[in-house]
Every structure is written in structure tokens, then in C-alpha cells.
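An overview of the molecular structure
Each chain, letter by letter, is given below.
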Protein chains: 2
Amino acid sequence: MPSQTTSTSGAAANGTSANGAAKRGRPGYDQQSVLRIAVDVFNRHGYDATSMGILADNLGISKSAIYHHVPSKGDLLKLALDHALGGLESILEQPEATSGAADARLEFVLRRTVAVLVERLPFVTLLLRLRGNTEIERDALERRRTFDHKVAALISAARDEGSLRQDIDPRTVTRLLFGMINSIVEWYKPGGSLSPQRLADDVITMAFDGLHGHASPTA
Amino acid sequence: MPSQTTSTSGAAANGTSANGAAKRGRPGYDQQSVLRIAVDVFNRHGYDATSMGILADNLGISKSAIYHHVPSKGDLLKLALDHALGGLESILEQPEATSGAADARLEFVLRRTVAVLVERLPFVTLLLRLRGNTEIERDALERRRTFDHKVAALISAARDEGSLRQDIDPRTVTRLLFGMINSIVEWYKPGGSLSPQRLADDVITMAFDGLHGHASPTA
DNA sequence: TAGTTTCTCATGAACGGTCGGTCGGCCCGG
DNA sequence: CCGGGCCGACCGACCGTTCATGAGAAACTA
């Protein structure tokens, strides 16, 4: 039995899977449950500062057992980042994001972005803290940059439409807007009194109407 | 001669110090110049992912030479964080932050915060990315939290005064506002076309009047 | 039903390598 | 010749990863 330094951890993974089909073999973790916990630990200590030993302690299994579920530490990261990026990228593929007034498309994308941040909170958190030290990280950063650029284009379109103020450089607007939204991963706690729906409302209100809050003559 | 992997680095530090007083001994780095470069490297790779070897390469000197200027890697971090936190904390001590209408005090603090972020950009960047893995980091995070709470109190006061909208929880407002401002360290490049003054204006405009931008009837 | 097989999950020792840090001594300008 | 600046060799600890093997529950056989 490993040292079990901190954390609530414990095995408590397998048993019967969601689809109800009984699994063969010795019960324990599967890849998904390892990934979920790993991402949490990565977020608590930072990816680089998390050793496989610390991770093993948090899982309640030995270091080497981790390698039964995933080929390497990097693959663990890759799986997590794919999940985060997949969620974001799918937003831009939805019909509400591709047709209609730029202003409405922008609001849709922002609301959905907030929703994805919340739904996949730990995964997106990990994504937003990358430094680009490895090839895996750089690939993920590039995909994220592509997403950002597309939203930036949407902001520019809304501005050209006359829906947004014109006295601030759209690049500055984009960055401050992303700064505000992305900060959610640093403080939002699911299950609290602030619902994801309400959070999205607040973000939209604050972004479009500001703190002084003169009710906007939208639409 | 060390490997000199990346970076522009090179020694080029000492010579004659700012006060003009000639220094004795062999010319080279002093603690300040080591610190400046170290903070840059920490920000590029992340503090944990930066080994003393990598740091030495970037400085153009050997690993052991670093220990002539600073007792440990942790001290390097501590020096940097003190500089960042000192800048922020001094804002709240100035008279414009302690007396007058809460609304005006808030705007002053926000503008000064933006200014400090820019003036001490790499140092504050390092601060804002901490994970709290060591005692040093946890102490710094605590000081930062104290600063945040004081600004949060200012926001609440301005709200009670009637200067700010009341339909969003002030804690949410505080966090989104900090998210927006703190994001500056992730993208702002000094020396570009966007001056610190203009940046502060844009932040204030966007925070108080929003993207739709109906000219505010301030004062 | 009992025994056996099969499959998955797990273990602990050990690997080459890198980590932060130490030590004793050389270099060199004032 | 003093003193700040620097070096190369080295240390114990820990890193991510591998390997040969054990444990335990479901599935198959008799």
C-alpha cells in the first residue's frame, strides 16, 4: 500500500460502469477515472510540479500502476487537452454561431463558451495554464489560438455592424473579454449558489453594459 | 562555456551601475541583473519547469555561479514576488485610495493597478501564475488575496453608494473585473502602439460602460 | 457446484537521467 | 593583492519509465 500523503482519493472507481454492462477482471480504475483525478491534481499543483509519485499517492495506487492505464504523463495531458479543446471548437460549428447577425452570433458564442468552461472546468483550466514547454502543449496552444482568432473575427464583424463601440481597438476588446471570461476557471465553484446560466448572464451583462449599467436598448 | 541553448542572453550586465559609482572586482552580473533575466525565463517556461541549468544557459554563466548571487532558487522567486506585491500594496496606501467617494477611489485603484502591472510586468506575471506549492508561494498568494479583498471592499462601497449596478453579486463583479485586468500580463507588450495610459483608459471604459458603449453620465 | 482459465488491475525494485545545491579553487580588474 | 565573479566536479534526492510478477473477479468447463 502506497503512502497516501494527502487528498481524499481512494480507489472507488470501477464497479459497474455507466452502461450497466459488467466488466471483467480485477476491479479498479479505468482510463477515464484516472484522467479525471489526474487533471484535478495537475490543477492543484501545476502540471510540471506534479510528479507521477504525487499523482499515484492521490490515486491511492502505485506509480507503476498508472502506466497500465496510460502510456505516459504526456499522454495524460494530451487526453485532457483534447477534451477541453473539443468542447470549445464544437461551439463554432453550431448553426447559431455561423449564421445571423454578428452581434447575436457573438453573444451565442460567449454564452456557450462560459457553459463549456463550466461543464469541463478542470480540463479547460489545465488548458488555460499551459506554458508551451513540450510539443503536446504547443499543439494545444495553437488550437486554442485558432479558436481565439475566430472569436476575434466575430467581434470585429459585430463592431463593423455598429453593434459594438468603436473607440477601443478590437484586439484590445478581444483580449480583455477573453481575460474576463477565462478567469472563470480560477474561481468558479460548480454546485454553489451561482448557476452556470446566471453566470453567463452576468458575464454578458458586464461585458456589454458595464458596471455603471444603463439598461441597454438591445435589439 | 555552457551550452547556451536558446535566448538572446549574454552577460552584458554590470560595467557601471546606475548611480555611477564604479564597482570593484571582475565585471559580470549582480543580483538585480540576475533577477531580471531569471524572472523572464521563469515566465517563459513556468517556475517549476525552469531548472537552474536552463537558467544558467540563459544567463550565459554556469549553474554554480548563480549561487554566488542568490542563495537558492526559492530566494530568486521570493525577491521577484516581493517586488510585485510591493507595487500593488503601495497603491492602497496612497491618499487617493483612502479618502473621497468610493467610486473615485475605485477608479484610482484600478488605474494604478493597471499601471503597476505594466511597470512591473514580468514580476506581476510571475505572481499571477503561482500555484502555491511551497511556503514562499503560499505567503505570496496570501498577500495577494489580502489586496484583492481590499479592492473587493471598495467595489462593495461604490455599489452601496449607488455608483455601480446592483443586479450582479459584488463578488462576481470583483472576480470578473480582476480577471479582465490581470489578463493584461498575458498579452500586453510594452513599447508597442498601445500606451499604458491608453490601456488604462480602455480598461476603465470597458469595465464601467461596456461594449455597447452608451457614453456614461459620469460626474 | 467446483475447479480452472482468462482478463484486468496492481505491485515493488530498479533504470538512466536530471534536479537543486555544495565545494574548493581559478580569474581578473581596482 | 584583495575581493567580487566565475568554473567544473560532485552529491543525494527524486524524476518518468520499465519489468517481471502477483492478486482477484468474471467466464468457461466439467
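Right, let's walk through the structure included here. (Residues numbered from 1 in each chain as written. Chains lettered and ligands numbered in written order. Predicted model: local features only at pLDDT ≥ 70, side-chain atom pairs only at ≥ 80, totals over all residues. Heavy atoms only, no water.)

1. Comments concerning the overall build of chain A
Summing up its helical and strand segments, chain A has 11 helices and 0 strands in all. Counting from the amino terminus, helix and strand elements in chain A follow one another as α-α-α-α-α-α-α-α-α-α-α. Relative to its 219 residues, chain A shows a buried fraction of 45%. At a minimum sequence separation of 6, the contacts of chain A that also span at least 24 residues come to 61%. If you sum the accessible surface of chain A, you get close to 10,700 Å²; carbon and sulfur atoms cover 52% of it. (Helix = DSSP H or I, 4+ residues; strand = E, 2+ residues; numbered from the N terminus. Buried < 20%, exposed > 50% of the residue type's maximum accessible area, 1.4 Å probe, protein only. Contact = heavy atoms within 4.5 Å. Areas by Shrake-Rupley, 256 points an atom, 1.4 Å probe, with all protein chains shown as cover.)

2. Side note on the packing of aromatic side chains
Residues and elements named next belong to chain A. Here the structure, examined in full by the defined rule, presents 6 aromatic pairs over all chains. For the ring pair Phe147 and Phe178, a centre distance of 6.4 Å and an interplane angle of 65° mean the geometry is edge-to-face. Taken together, the residues span a long stretch of sequence, with Phe147 in helix 8 (residues 135–161) and Phe178 in helix 9 (residues 170–182) at a distance of 31 residues. On the basis of relative accessible area, Phe147 is assigned to the buried category, the value being 4%. Lys73 extends its terminal NZ or CZ atom over the ring of Tyr47, reaching a point 4.6 Å from the ring centre. (Phe/Tyr/Trp six-rings, centres within 6.5 Å; stacked < 30°, edge-to-face > 60°. Lys NZ or Arg CZ within 6 Å of the ring centre and 35° of its normal.)

3. Points about the relation of the copies chain A and chain B
For the pair chain A and chain B, the relating rotation is 180°, the translation along its axis is 0.0 Å, and the fit reaches an RMSD of 0.0 Å. Within this description, the copies of the chain are treated as partners about a two-fold rotation axis. A share of 100% of the interface residues of chain A reappears at the interface of chain B, consistent with the copies meeting face to face through the same patch. (Least-squares fit on C-alpha atoms with pLDDT ≥ 70 in both.)

4. Overview of the pattern of salt bridges
All names here are of chain A. Counting across every chain of the model gives 20 salt bridges over all chains. The salt bridge involving Glu119 is made with Arg112; its shortest N-O contact spans 3.9 Å. In this structure, Asp169 and Arg171 form a salt bridge, with 3.1 Å as the shortest nitrogen-oxygen distance. Asp169 gets classed as partly exposed once you look at its relative accessible area, which sits at 30%. Given the relative accessible area of 54%, Arg171 is considered exposed. Overlapping salt bridges bring together Asp82, Glu89 and Arg143 as one network. (Salt bridge = Lys/Arg side-chain N within 4 Å of Asp/Glu carboxyl O.)

5. A short note on the interface of chain A and chain B
Each partner contributes residues to the interface: chain A has 43 residues there, and chain B has 43 residues. Overall, the association of chain A and chain B removes approximately 4,000 Å² of surface from exposure, summing both partners, and the carbon and sulfur fraction of that is 61%. The interface formed by chain A and chain B holds 18 residue pairs in polar contact (both at pLDDT 80 or more) in total. Counting only elements with at least two residues in the side of chain A that touches chain B, the list comes to helix 1 (31–45), helix 9, helix 10 (184–187) and helix 11 (196–209) of chain A. Ranked by the residues each element gives to the side of chain A that touches chain B, the list is headed by helix 11 of chain A, at 8 residues. A breakdown of the residues in the side of chain A that touches chain B according to their chemical character gives 16 nonpolar, 15 polar and 12 charged. (Buried area = accessible area lost by both parts, 1.4 Å probe. Polar contact = N/O pair within 3.5 Å; in protein donor to acceptor, adjacent residues only side chain to side chain. Nonpolar A, V, L, I, M, F, W, Y, C, P; charged D, E, K, R; others polar.)

6. Some thoughts on helix 9 (residues 170–182) of chain B
Residues and elements named next belong to chain B. With 13 residues, helix 9 extends 18 Å from end C-alpha to end C-alpha; this agrees with the ideal 18 Å at 1.5 Å per step. Counting buried residues in helix 9 gives 11 out of 13 residues, a clear majority hidden from the surface. Among the residues of helix 9, those classed as buried are Pro170, Thr172, Val173, Thr174, Leu176, Leu177, Phe178, Gly179, Met180, Ile181 and Asn182. The N-cap of helix 9, judged by a side-chain oxygen 2.7 Å from the amide nitrogen of Arg171 a few residues on, is Asp169. (Expected span 1.5 Å × (residues − 1).)

7. Points about the nonpolar core
Counting 136 residues, the largest nonpolar core has A:Ile184 and B:Ile184 as the members making the most contacts within it. When residues no more than four places from it in sequence are discounted, the contact partners of A:Ile184 are A:Val114, A:Leu117, A:Leu199, A:Val203 and B:Leu176. (Core = buried A, V, L, I, M, F, W, Y, C linked by side-chain atoms within 4.5 Å.)

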